[in-house]
Structures are given as structure tokens and as C-alpha cells.
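# Examination of the molecular architecture
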Amino acid sequence: MGHRILMLGAGYAGLTAARRLGTLLRGTDAEIVLVNDRTDFVERLRLHQVAAGQDLPRYELAELLRGTGVRRHCARVESVDVDRRTVTADGEPLAYDTLVYGLGSSGAPMPDAEHVWSAASPVSAMRLRGRLTRAAAGERVLVVGGGLTGLEVAAEIAEARPELSVALATSGGLGDRLVPGARAHLRKGFARLGIEVFEGVRVERFTEAGAILADGSVVAADIAIGATGFAPNPIAAASGLEVDGRGQVVVDAAMRSVSHPEVFAIGDAALAPGPGDRPLRMSCSSGMPTGWLAAGHLAAAIAGRRPPTLRVRYFHQTISLGRRDAVVQFVTADDRPRRAYLTGPVAVRYKEALCRVAVWSFAHDLPAGRRGTAAAQRVPGV
Ligand SMILES: Cc1cc2nc3c(=O)[nH]c(=O)nc-3n(C[C@H](O)[C@H](O)[C@H](O)COP(=O)(O)OP(=O)(O)OC[C@H]3O[C@@H](n4cnc5c(N)ncnc54)[C@H](O)[C@@H]3O)c2cc1C
């Protein structure tokens, strides 16, 4: 029997890795199986749009993987046993020689979670969308978290539902990771959208009435949305793989687990060394390159291919402010803001192009390879 490669998760990182591996291992006896809990690819970058009521194109994994030699297996992964080299998915054991782990992340856990909504996963974004659909004029939506996702969620809802009262609470200052010009544009955009901002506040817990701050005061909210970061899928931490305190798999520069060399981890699931001696941040910007790297190093190990020389670096941080405005902050290789930034329609087109290129790359192997067409049809939600 050939070398059996089991890949878990068909997100940005997993699809990049699967398609690349299919190309690099064409003609070998390696068997590549990609396990995912749904039959379509979710554009997670756009989940704030989904929460705000927009319908996204649907991309079938069968189409995106056609002609790659990668076999798709739709099942929910329950556990990984690294000693037996077995994954359990929908109750069925699946053996592997090499595992590529890319189960992504969801919203960071919040206290009193029953009172908190989220846009971090497809399921939670659809639930939030349902709640927002039922919201009456004047209801207060409070987004907690001033990172990129929190900003995008607040702006998208405020633009789509101007009859709601939208607020954002952040422990820092609004846009404090942007250069002054970009920050001023962000502030102007928030003011235009009528978003009330609470800066320098720490939310301790939630009740039905809203968010309770560290000093005991209450920020009233009918709908509180948590956007304080992402937490990796907990399956890795329970598997015996070496993980960090958050549960990300600790990997080397080749995306190989430092505790189990037959396991690669990619995307949000991996704690990978990044530029400037800092780990890569959970993002699509670093997730796709980690998939590319893992595929290249794995193909080098089992088929004698030349290992990739790509170094992951950052170029930008992009923040959509609804559909008509955006801020693009250009950054150094190690993710520190540079002087250059874009705003307004140019920034909107830039961000839109990035989202499209990500999906486009799944239908057109980069830099060379098979060409195919991503089948897209409009369906409600994701
Ligand atoms: C609203 C929002 C906006 C964002 N905007 C940006 C942005 O502008 N730029 C940027 O760089 N990043 C952005 N991100 C972050 C980015 O989406 C993630 O970092 C990226 O999706 C990580 O890719 P991944 O492949 O590791 O995981 P994911 O894309 O989460 O994919 C994981 C895959 O695993 C599958 N899966 C999960 N659990 C199981 C299981 N138990 N069994 C089987 N399959 C499973 C999922 O269905 C999915 O297909 C944003 C995120 C959100 C929520």
C-alpha cells in the first residue's frame, strides 16, 4: 500500500496544502484523503458579512479538488490518537502514515457564553444572523473586542442595519495598531456609521442586561458579540501532540510537530515560528502560506522533491468598514505598521481582491499546475 496522508480541515490552510500536495505527489503511490465536516469551502474572511445578512457564493469542495487526486471524506473529526496513528471521524477509525492537521479555530471562549454571540465560525455567524434578523429598531448591539474582526463585525452590522444602535468596547484605543492617518479614517468611518466606542475598558462578564466592566459598571446590550480573538480546535490538545497554552500545535519552520514528526499542523491550528522571532498570528495571511510550506516539506520527505524556500511574511492588515469603505494598513515583514495605508474605495477594492484571490487560487494552482473552475452559485448563508 502507498503512503497514506490524512488531512484534517478544508479551510484556507487545508485546501492550499491539499491542492499543492496533489500536484507535487502526482504519479506517486501516495494516497491523500482530506477530511472535512462539510462539503463546501467556507470563506471565513467574510463571516461578518454573513452575520449581517448577506449571502455568499457557495464553493463545493468536490469542484475545488477535481483533478487533484485528493480524495474528499465528509465527516466530523472527533479525536486524534498519535500513538496509534489513527483519527476517529464520525465514529470510524482512519489510519495514517502522515497527518496534516488543519482544523482551524473558533471564537475565543467568553465568560457567561450563553449571553454572548459570535461571528467566528459559520455556525455561530448564522445564529447571530438569525438573532439580528429578529432585532427590532433601537436594539443595542455591543461588539466586545477592538481587533480586526471586532472592527469589521461592528461596521458591517452598523451599515447593514442603521436602525440598530451599534457599540464597540475595546481594552485599548480604537485602531491603536494603525498609523495616525489610517486611525483617523477608521474613527471617521465609525462616527459616520454611528458606532459608539468604549475605549480602555475591560469586560469581565456578561448578563442579560449587557457587559459588566471591571469597575462594576454595565454597558447595556440586547445583543453582545464576543470578538476577543480565536481559540484553536481543542482536538489537538487532547491528542498527545505538544501544544502551547492556547492549544495550538507547536511546529518547526517546516510546519512539522516538534513532538511527532509524522504530523504537520497548519493555519490557525499551528504555533509556527514567524518573522521577527514571533509566532505567526492566526490569520488567512499566514494560514495559506503554512499550508503551502507543509505540502512542500512533506512532498520533499516522501517523494524526494526539493523543499520549499518560501518564508512567511506579512504585507498588510485589512479592515472592511461595511461594503463601501475600508482601511488597508501596510506592514513590515514582521507585522508592524508602515507609513503607507489605503482608505475608501481603493481600500475596498484591495480587500475584495484579496478575498477573491484566495478562492481563485484554489481553482488555479499557483504558480503552475492544473486549471479548473470554482463552481460558485448564490445560496443563502454559508
Ligand atoms: C469575521 C472574520 C473576518 C476575518 N478577516 C480576516 C482578514 O481580513 N484577514 C485574515 O488574514 N484573516 C481573517 N480572519 C481569520 C481567518 O479567517 C482565519 O485565520 C483562517 O480562516 C484560518 O484558516 P484555517 O484553514 O486554519 O482554518 P479555517 O478556515 O477555520 O478552516 C478549518 C476547516 O476545518 C473544518 N473543521 C473544523 N472542525 C472540524 C472537525 N471537528 N471535523 C472536520 N472538519 C472540521 C472546518 O469546517 C473548516 O473547513 C477572519 C476571521 C473571521 C471570523
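Residues numbered from 1 in each chain as written. Predicted model: local features only at pLDDT ≥ 70, side-chain atom pairs only at ≥ 80, totals over all residues. Heavy atoms only, no water.

## Some words on the overall build of the protein
- When you go through the protein residue by residue, the secondary structure sums to eight helices and 26 strands.
- Against the globule reference of 21 Å for 382 residues, the protein gives a C-alpha radius of gyration of 21 Å, in line with a compact fold.
- Out of the 382 residues in the protein, the part that is buried amounts to 53%.
- In the protein, once contacts between residues fewer than 6 apart in sequence are set aside, the share between residues at least 24 apart is 64%.
- Treating the 46 positive side-chain charges of the protein as one cloud and the 39 negative ones as another, the clouds have centres 8 Å apart. (Helix = DSSP H or I, 4+ residues; strand = E, 2+ residues; numbered from the N terminus. Rg over C-alpha atoms; globule rule 2.2 N^0.38 Å. Buried < 20%, exposed > 50% of the residue type's maximum accessible area, 1.4 Å probe, protein only. Contact = heavy atoms within 4.5 Å. Lys, Arg positive; Asp, Glu negative; His and termini not counted. Charge placed at Lys NZ, Arg CZ, Asp CG, Glu CD.)

## Looking at the pairing of strand 25 (residues 337-343)
- As paired strands, strand 24 (residues 326-331) and strand 25 are joined by four bridges and run antiparallel to one another. The residue bridging Gln329 from the neighbouring strand is Tyr341, located in strand 25.
- Count of turn residues in the strand 24/strand 25 antiparallel hairpin: five residues, of which Asp335 carries a positive phi of about 80°. (Pairing = 2+ DSSP bridges.)

## Points about helix 1 (residues 12-24)
- For helix 1, built from 13 residues, the straight-helix expectation of 18 Å at 1.5 Å per residue is met to within 8% by its first-to-last C-alpha distance of 18 Å.
- Along helix 1, 13 of the 13 residues are buried, which leaves the element largely enclosed by surrounding structure. (Expected span 1.5 Å × (residues − 1).)

## With respect to the site of the ligand
- Taken together, 31 residues form the shell around the ligand, and within it Asn36, Asp37, Val77, Cys284 and Lys351 come nearest.
- Measuring from an oxygen atom of the ligand, one finds a backbone N or O atom of Tyr12 at 3.1 Å.
- Between Cys284 and the ligand, the recorded distance is 2.8 Å, taken from a backbone N or O atom to an oxygen atom.
- Here the ligand has 1,000 Å² of accessible area as a free molecule, and 92% of this is covered by the chains.
- A class-by-class count of the residues in the shell around the ligand yields 13 nonpolar, twelve polar and six charged.
- Mapping the shell around the ligand onto the domain boundaries places at least three of its residues in each of domain 1 (4-106 + 230-313) and domain 2 (109-226). (Near = heavy atom within 4 Å. Polar contact = N/O pair within 3.5 Å; in protein donor to acceptor, adjacent residues only side chain to side chain. Areas by Shrake-Rupley, 256 points an atom, 1.4 Å probe, with all protein chains shown as cover. Nonpolar A, V, L, I, M, F, W, Y, C, P; charged D, E, K, R; others polar. Domains from an automatic or database assignment.)

## Points about the pattern of salt bridges
- Counted according to the given criterion, the structure contains 23 salt bridges.
- Arg324 is the partner of Glu159 in a salt bridge, and the nearest nitrogen-oxygen pair spans 3.8 Å. Pair noted here: Glu159 is in helix 5 (residues 148-160) and Arg324 is in the loop between strand 23 (316-320) and strand 24, with a separation of 165 residues, a long-range link.
- Judged by relative accessible area, Glu159 falls into the buried class, the value being 16%. (Salt bridge = Lys/Arg side-chain N within 4 Å of Asp/Glu carboxyl O.)

## Things to note about the sheet that holds strand 11 (residues 116-117)
- Spatially, 11-18-12-13-14 is the arrangement adopted by the five strands of the open sheet, whose pairing is parallel. What marks the edges here is a single partner per strand, and that holds for strand 11 and strand 14 (196-199).
- Most of the contacts of helix 5 go to strand 13 (residues 165-170), to which it runs at about 170°, and overall it touches strand 12 (140-144), strand 13 and strand 18 (223-226). (Axes fitted to C-alpha atoms, helices over the stretch in contact; angles between N-to-C directions.)

## Notes on helix 5
- Under the 1.5 Å per step criterion, the end-to-end length of helix 5 is 18 Å for 13 residues, consistent within 8% with the ideal 18 Å.
- Burial of helix 5 is extensive: ten of the 13 residues sit out of reach of the surface.

## As for the sheet that holds strand 25
- Across the sheet, which stays open at both edges, the three strands sit in the order 23-24-25 with antiparallel pairing between neighbours. Since the sheet does not close on itself, it has two edges, and those belong to strand 23 and strand 25, each with one partner. Direction aside, neighbouring strands of the sheet carry axes that sit 15° apart on average.
- In this structure, strand 23 lies alongside strand 24, joined through five bridges in antiparallel fashion. Bridge pairing in strand 24 links Thr318 to Val328.

## Notes on the environment of Arg58
- Tracing the sequence through the fold places Arg58 in strand 4 (residues 57-60).
- Relative accessible area serves as the criterion here: at 22%, Arg58 is assigned to the partly exposed category.
- Sequence separation of Arg58 and Ser239 is 181 residues, and the distance between their C-alpha atoms is 32 Å.
- At 3.2 Å, the side chain of Arg58 forms a polar contact with the side chain of Thr39.
- One polar contact links Arg58 to Asp40, side chain to side chain, over a distance of 3.5 Å.

## Examining unusual backbone geometry
- A positive phi angle is found at Arg85, which is not glycine, with a value near 50°.
- A positive phi is found at Asp335, a non-glycine position, where the angle reads about 80°.
- Along the chain, Asp335 turns up in the loop between strand 24 and strand 25.
- For Asp335, a relative accessible area of 16% corresponds to the buried category.

## A few points about the packing of aromatic side chains
- Under the criterion given, the structure shown has three aromatic pairs.
- When the centroid spacing of 5.0 Å and the interplanar angle of 85° are considered together, the rings of Tyr12 and Phe41 count as edge-to-face. Placement of the pair is Tyr12 in helix 1 and Phe41 in strand 3 (residues 40-41), with a sequence separation of 29 residues.
- Look at Tyr12 and you get buried, because its relative accessible area is 10%. (Phe/Tyr/Trp six-rings, centres within 6.5 Å; stacked < 30°, edge-to-face > 60°.)

## Description of the environment of Thr332
- Mapped onto the secondary structure, Thr332 falls in the loop between strand 24 and strand 25.
- Along the chain, Thr332 and Ala265 lie 67 residues apart, while their C-alpha atoms are 25 Å from each other.
- If we ignore the near neighbours within four places in the chain, the residues touching Thr332 are Arg313, Tyr314 and Arg338.

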